[in-house]
Structure formats: C-alpha cells, structure tokens
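Per-entry structural report
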Amino acid sequence: MNKLFYGDNLTIMKKMSSESVALIYLDPPFNSNRSYNLLYKNTTGLPIPEQTEAFCDTWEMDFEKSELASDIPHIMQEYGINADTVHFWHYMVEALKMTDTKLLAYLVYMTVRIIEMYRLLTKSGSLYLHCDPTASHYLKVIMDGIFGHKNFKNEIVWHYSGWNKKLKDKFESRHDVILYYAKGDNSTQFNGYSIPWENETEYIKTRKQKVLVDENGDKYVMSDAGNGKRIKRYIKDALKYGSPIDDVWNIDKINNSSKERLGYPTQKPIALLERIIQASSKEGDVVFDPFCGCGTTVEASIRNNRQWVGCDIAIHSIRLIQDTRIKKYALVEGKDYTIEGIPQSTEQAQYLFEQDPFQFQHWSIEKTGGFCSNRKTGDSGIDGRIYFEAGNKLCSMVLSVKGGNIKPTDIRDLRGVLERESDVEMAGFISLHEPTKAMIQEADAAGYYEYQGVKYPRIQLLTITQIFEGKTWYCPSVVKAQRKEGGQTYLNI
Ligand SMILES: C[S@@+](CC[C@H](N)C(=O)[O-])C[C@H]1O[C@@H](n2cnc3c(N)ncnc32)[C@H](O)[C@@H]1O
C-alpha cells in the first residue's frame, strides 16, 4: 500500500477508495504567508514569477474556483453532508464574494479537498488539519459542517520556542493550530500520548505531593480519583506510563541547526507527526498526507510501522523523499513502495497525457527544469518557462507543450509569442510526437539568440523520447542557486 503520488491531490483523491485510510494529516500552503509557500528563488534575488503566481493564483477567485464554489453544494449533497451546512456554505460564499475574495478562494480550494478526505477516512478514522491562526477559525466552521460539530476533538496549539521581538502593535505569534476531528462514531481510534518522566525525582518534584511508602517498600502518592475518593498512585507505575499530554504541544521547529533538516522550507518536525500517528492510529494502519512536502509524515509512519500514502504537486518533493527518507530505511521501489504519476517511458507519458493532459504538461515542463504557468488553459500559448541568467538579468525561454497532434501552425504561434513578448528571449516546444520537416523549418526560420558570442536557436523542439534520452534545452546557464532569506534556505532549481 505504501505509495507516493506526484500530482494534484484533488485528482488523486478522487481515484482513491472510500474508507481506505485510518489517519489523515494535512499541512496545506497557508493562506496568509506568500513567501512561506515559495520553494524556489534565484540568484538575482527575484522570486521565480511562476512560483509566485502559482501560489497567489491559488488564492484568487478565477473562473475555475467560481465554478467550484457553485458546485460545492451539489457535492455536499451527493456526499450526504447535512442541509444546514449546504445553506451555510451558500451564505458564506455570497458574503465573502463582497468582502474577501482571496479568503473565499482559499476556502473553496480547501473545502473540495476536505470533502474528499472525509470520504477516504474509515469509520474509526481521524483527521488533523494543520493551519495558521489567520484561517483556522474559518476552516473550523467548514470542518464542523463536513465532520459534524460533535466530532470535533481538539484544537491543538503547536507552540515553538524562539526569541520574542518587542513588537509595536501586538504580541509575537509563536504557534500553529492543528484541528483534530474524528470521522465520528464510537469506534474512533484514540490511544492518547504520554511523555515519559525522566526519573523519580522529576516526577515527585512535579506532583508536589507527599511521598508515602507501603508495607512492601513501594513509593506512592495519594491522588484524587475523580469521584470524591482518594487512591494510591504508585510511582513505579507513573514512571512506566509517563505523563499524558494536553492540547498545547511544545515542540521545537526545524531550524538551521536541526539534525533532521532537509532544506525544505516548510518541513515539520518528526516529533510532531509521531505524536499524531501514535495517538490516532495503530500498527499497520494507512496514514495519508495529501500535501506531503518533504515527507515528514512518510518517515514518521515508517518509524511506527504504519502504511503510508503521500502526495505532492511538486516533483522535487517526491525526489527528495526518495533520496532521503526512503533511502534511509533502505526501502525498495516496487517491493516496499510505489511511485505513481511520474512516467518512466514515452508510453507512460502518452498514458499520462490521455488520463490528465494538465498533469502531463506539468510533468514535462518540470522534467526539463522549467516552471509551469498555473492556469490550466495556458497563458496565451505559454505553458511554462525556463529561466536563465545573462549578465545580471533574469531571462526566460517560454515553453509550449503538446501531447496530441502537432502541426506547423503550433510553431508559427510560438513565433508570434516571441514577437509579442518583449521580455522573452527564446521559446521551447515539447511534444509527444516527432515534429515534421515543415515544423523544423518553421523553427529554424526564427533565427538565433546570441549571448557572449554563442548562438542559441530561438525556437527549440524536444520530443518526450529525446527528454528521456537526456536531451535538454540549449541556453545560457539555467538558474541554479541556493539562497538564504529570513533563515530559510531555498531549494536548488
Ligand atoms: C506546507 S508544505 C507541507 C510540508 C510538509 N508537512 C513537510 O513536513 O515537509 C505544503 C506542500 O503542499 C504541496 N502542494 C500544494 N498544493 C498541492 C496540491 N494541490 N496537491 C498536492 N500537493 C500540493 C506543496 O508543493 C508543498 O510541498
């Protein structure tokens, strides 16, 4: 069952079976912090526009989200969510349309996904939704609607230490919120979680109670049994079972000196995930993380003998999990786990195109080191870009992807883009099929881009087969850099 999926979790979840997952932890991109969501930067110090756009667009009410907002009541009805929630959704959409469209876009994005997650959970399953305080109260209302208010368990405060600055107008924010809900019947899997006492002295100091000794020489304290009676609590038992935790969790954030740090900007600590997994699942259960990033949930599941399913829209994240977490435990692809959504041959790429043309486009662009435009319709013939540096300037090559039939007018259109967009130096065309002679001639006619005495064809063509053979774009040095900002290291691109 262990699986990593590359792709949009909404598409992937729709293909997963109902009631197949015991525990879901999700840590989606936050609504509030743009730079938090950016994975890539370049040496010029400018964010890669597609990255900024991708995450900003997520929070814009575009046509697709407006359609989704109107579909959600139907989806809710189809999934048996109660009529009050459907009405509430309706009013909330109308109100937010007038007041805060970005928040509405975020809630639309989250709501369709949470509905799918609810379907995936087993009857005894639980979900932990990690969010920041700017949206947690809105998400809680949505969660109450989908899961039912009675199935709300805890609002866990993950508090992390650090130096507080003296701010002019408010207190330093130093926590995230994790909303914990159960699918909801009496069988909910909950094991609690206790932290072991370091030693007897620590336990006695914390209890601040008189220690007594029984006739066998065993130490105990007298404790309230909750029914007005007092009972003996043996210290050796307390040491064995540890101290049950409450809903405020003090766990250090991943910082530059953390041993487990992988350089993924939003990485969460293993300790946080181990608590969740140990509290709300048992050995052999399936744990699912639909926004798995660098795979903290995957590693915590491996360490606790759970099955795992992770999903991420960034191919880099899937590679990082394979190269670090999975490698550490010597798991073998095909035997211990599988990866889905990343084609390994032209035939598989063809299959991906037939199943999901947008994901095919996304994959082929990332495969050649490019960044995708977020809009499914393509941005006036531009599906993505490659960035390179010439002098101190961030220059770009626009990319167009075609999975189906191709024709010379496709190349002519690309020439049109080059003429139209003054900030674009070159253009690349990716296709599943071999270009015809006429197409090659059309590309050649676009001439060359010259930099430091080297001539680069202004229009370059690559087939998927050539990409698998290791061929790539011919252009000045493609931006590859690591950069630190605000304590975060951005990934190589
Ligand atoms: C906040 S990070 C998760 C970090 C993770 N908890 C960890 O410890 O590494 C959010 C992740 O969601 C991914 N993501 C964003 N939108 C997605 C989508 N629609 N489907 C799947 N993954 C998505 C991003 O690429 C990013 O890796």
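Up top is the structure.
The present account deals with the structure reproduced in this document. Note that the coordinates shown come from a computational prediction; the quantities given were computed from them, not determined experimentally.

1. Structural notes on the overall build of the protein
- Secondary structure assignment for the protein yields 17 helices and 23 strands.
- Evaluated residue by residue, the protein yields a buried proportion of 50% over its 493 residues.

2. Some details on the packing of helix 4 (residues 63-78) against helix 6 (residues 101-120)
- Here helix 4 crosses helix 6 at 35 degrees, and the two axes come no closer than 10 Å. Helix-helix and strand crossings are classified by hand; for helix 4 and helix 6 the assignment is left-handed. Contacts from K65, L68, A69, I72, I75 and M76 of helix 4 reach helix 6 at A105, V108, Y109, T111, V112 and I115.
- In the contact of helix 4 with helix 6, the residues fall into 10 nonpolar, 1 polar and 1 charged.

3. Re the site of the ligand
- What surrounds the ligand is a group of 22 residues, the closest being D27, Y264, C294, T296 and D312.
- Between an oxygen atom of the ligand and a main-chain N or O atom of C294, the distance comes to 2.9 Å.
- A distance of 3.1 Å separates a nitrogen atom of the ligand from a polar backbone atom of I313.
- Here the ligand loses 96% of its free accessible area of 610 Å² to cover by the protein chains.
- Looking at the shell around the ligand, its residues break down into 10 nonpolar, 7 polar and 5 charged.

4. Focus on the sheet that holds strand 2 (residues 21-26)
- In spatial order, the strands read 11-4-5-3-2-12-13-1-14; together these 9 strands make up an open sheet with mixed pairing. One side of each edge strand has no neighbouring strand; the edge strands of this open sheet are strand 11 (248-250) and strand 14 (338-340). Each adjacent strand pair in this sheet contributes to an overall mean axis angle of 15 degrees, direction not counted.
- Bridge count for strand 4 (residues 152-159) against strand 5 (residues 175-182) is 7 bridges, and the pairing is antiparallel.

5. Section: the packing of aromatic side chains
- Inspection of the entire model under this criterion finds 16 aromatic pairs.
- Ring centres 5.6 Å apart and planes at 55 degrees place the aromatic pair Y220 and Y234 in the tilted group. Of this pair, Y220 sits in strand 8 (residues 219-224) while Y234 sits in strand 9 (residues 230-234), and the two are 14 residues apart along the sequence.
- Judged by relative accessible area, Y234 falls into the partly exposed class, the value being 22%.
- Pairwise contacts between aromatic rings join Y118, F147, F152 and Y181 into one cluster.
- The lysine or arginine in question, R113, covers the ring of Y109, its NZ or CZ lying 4.0 Å from the ring centre.
- When the ring centre of Y448 is taken as reference, the NZ or CZ atom of K455 above it lies at 5.4 Å.

6. Some words on the nonpolar core
- Ranked by internal contacts, the top residues of the largest apolar core, which has 49 residues, are L127, L129, L139, F147 and F288.
- Among the elements that make up this core, the one with the highest residue count is helix 6 (13 residues).
- When residues no more than four places from it in sequence are discounted, the contact partners of L129 are L26, P28, M110, I114, L139, M143, V177, I178 and L179.

7. Looking at the pattern of salt bridges
- All told, the structure shown has 22 salt bridges when counted by the stated rule.
- As a salt-bridge pair, K165 and E172 come within 3.8 Å of each other at their nearest N and O atoms.
- When its relative accessible area of 56% is taken as the criterion, K165 is described as exposed.
- Among the ionic pairs, E421 bridges to R420, the shortest N-O distance being 3.2 Å.

8. What about the sheet that holds strand 21 (residues 459-463)?
- Read across the open sheet, the 5 strands follow the order 15-16-17-18-21; overall the sheet is mixed. Every interior strand has two partners, whereas the edge strands, strand 15 (371-372) and strand 21, have only one.
- Examined bridge by bridge, strand 15 and strand 16 (residues 384-390) share 2 bridges and lie antiparallel to one another. Following the sheet pairing, C372 is matched in strand 16 by G384.
- Helix-sheet contacts for helix 14 (residues 357-367) involve strand 15, strand 16, strand 17 (393-402) and strand 18 (426-431), and the interaxial angle to strand 17 is about 140 degrees.

The rules behind the values
Within every chain, residues take consecutive numbers counted from 1 along the sequence as written. A pLDDT threshold of at least 70 governs which residues receive local features in this predicted model, and a stricter bar of 80 or more applies before side-chain atom pairs are shown or counted, although totals over entire chains, interfaces and linings include all residues. Excluding hydrogens and water, the side-chain values take into account all heavy atoms of the structure. Helix and strand assignments come from DSSP, with helices taken as H or I runs of at least 4 residues and strands as E runs of at least 2, each series counted from the N terminus. Burial status follows relative accessibility: with a 1.4 Å probe on protein chains alone, a residue under 20% of its type maximum counts as buried, one over 50% as exposed, and anything between as partly exposed. The convention used is that axes are lines fitted to C-alpha atoms, helices contributing only their stretch in contact, and that angles between N-to-C directions extend from 0 to 180 degrees. Left-handed describes a crossing whose near helix is turned anticlockwise from the far helix through less than a right angle; right-handed describes the clockwise counterpart. Contacts between residues were defined by any pair of non-hydrogen atoms, one from each residue, lying within 4.5 Å. When residues are grouped by polarity, Ala, Val, Leu, Ile, Met, Phe, Trp, Tyr, Cys and Pro land in nonpolar, Asp, Glu, Lys and Arg in charged, and all others, Gly among them, in polar. We call a residue near a given molecule or strand whenever any one of its heavy atoms falls within 4 Å of it. Any pair of nitrogen or oxygen atoms within 3.5 Å is treated as a polar contact; in protein, a donor-acceptor pairing is required on top of that, and neighbouring residues in sequence qualify only through side-chain atoms on both sides. Here the accessible surface of atoms and residues is derived via Shrake-Rupley with a 1.4 Å probe, and residues count as covered only by protein chains that are part of the display. A pair of strands is considered paired only if DSSP assigns at least 2 bridges between the two. Between the rings of Phe, Tyr and Trp (Trp by its six-membered ring), a pair exists once the centres lie within 6.5 Å; its type follows the angle of the planes, with under 30 degrees stacked, over 60 edge-to-face, and the other angles tilted. Lysine and arginine charges are scored as sitting over a ring when NZ or CZ, respectively, is within 6 Å of the ring centre and within 35 degrees of the ring normal. To qualify as a nonpolar core, a set must consist of buried Ala, Val, Leu, Ile, Met, Phe, Trp, Tyr and Cys residues joined through side-chain atoms within 4.5 Å. Criterion for a salt bridge: a side-chain nitrogen of Lys or Arg within 4 Å of a carboxyl oxygen of Asp or Glu.

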